[in-house]
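# Structural characterization, general
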Amino acid sequence: MNAFKKLSTIVGWMVFAIAVVTHYLVAKDLKGIWKSSEFIAGTNKVEVVPPSSNPLFAPNGQVLHYISELLSNHPEDVIFLINILSGLSSALAAMLVCWGTIIIGRLFFVGRDALPDRVKGIALLAAGAIAGLAVAFSSPIWFSAVAGEVYIMSIFFPCLIFWLGVKWYALPNA
């Protein structure tokens, strides 16, 4: 693995770590209010929550309910774990956007097979970090990521498809 690819991987994981730590610190004190409490209650029995929800939210929330019951009997722990699920989805989306931005920038500046020089490499890594952190901390995503909301998981999957498509396109022609 070349040095630029290693640095790209490190920058992506740093964006993930910054987002996860920030969401953890905020989600720790946040209780379910408004619609998020409805979503959290829906995960208890894997019930159908409003139509705008992500179909994987309730089963993942049910797993977190089981984990919470194993660890403690406090309902606040379930709320916290569901909030962490939203924060984790946001951090993963930010990491994928970071990597996708770096790949697209590399394709634009140097092409598929070449490696960027030092200045372009730093610019690409900075652009990826800025794009990833902008996704993690933008207003609409932030308010869904720090509460037990389903919308952030619905944002994660398009980010995953974006990264997979860009990654596939950047592969050398065989």
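Up top is the structure.
Predicted model only: the values in this text are computed from it and were never measured.

### Comments concerning the packing of aromatic side chains
Each aromatic ring pair is summarised here by two numbers: the centre-to-centre distance and the angle between the ring planes. Considering all chains together, one arrives at six aromatic pairs under this definition. Both rings, one in W99 and one in W163, keep their centres 6.0 Å apart while their planes meet at 45°; by these two values the pair is tilted. On the criterion of sequence distance, the pair formed by W99 in helix 4 (residues 75-109) and W163 in helix 7 (residues 151-170) is long-range, its members being 64 residues apart. With centroids separated by 5.0 Å and ring planes inclined at 65°, the aromatic side chains of F156 and F157 adopt a geometry described as edge-to-face. With a relative accessible area of 15%, F156 lands in the buried category. Residue classification places F157 among the partly exposed residues on the basis of a relative accessible area of 28%. In this structure an aromatic cluster arises from ring pairing among W13, F16, W99 and W163.

### A word on the environment of A19
For A19, the location among the structural elements is in helix 1 (residues 3-27). For A19, a relative accessible area of 0% puts it in the buried group. The spatial distance from the C-alpha of A19 to the C-alpha of G87 is 7.6 Å, given a sequence separation of 68 residues. The residues contacting A19, other than those within four sequence positions of it, are A91, A136 and F137.

### Focus on helix 7
Compared with the 28 Å implied by 1.5 Å per residue over 20 residues, the 29 Å span of helix 7 between its first and last C-alpha is a close match. Taken residue by residue, helix 7 has I152, M153, F156, C159, W163, V166 and A170 as its buried positions. Each buried residue of helix 7 sits inside an arc of 140° when the element is viewed along its axis, so together they form one side. Facing away from the buried surface of helix 7 by more than 90 degrees, the exposed residues are I161 and W168.

Definitions and cut-offs
- Residues numbered from 1 in each chain as written.
- Predicted model: local features only at pLDDT ≥ 70, side-chain atom pairs only at ≥ 80, totals over all residues.
- Heavy atoms only, no water.
- Phe/Tyr/Trp six-rings, centres within 6.5 Å; stacked < 30°, edge-to-face > 60°.
- Helix = DSSP H or I, 4+ residues; strand = E, 2+ residues; numbered from the N terminus.
- Buried < 20%, exposed > 50% of the residue type's maximum accessible area, 1.4 Å probe, protein only.
- Contact = heavy atoms within 4.5 Å.
- Expected span 1.5 Å × (residues − 1).
- Arc of directions from axis to C-beta.

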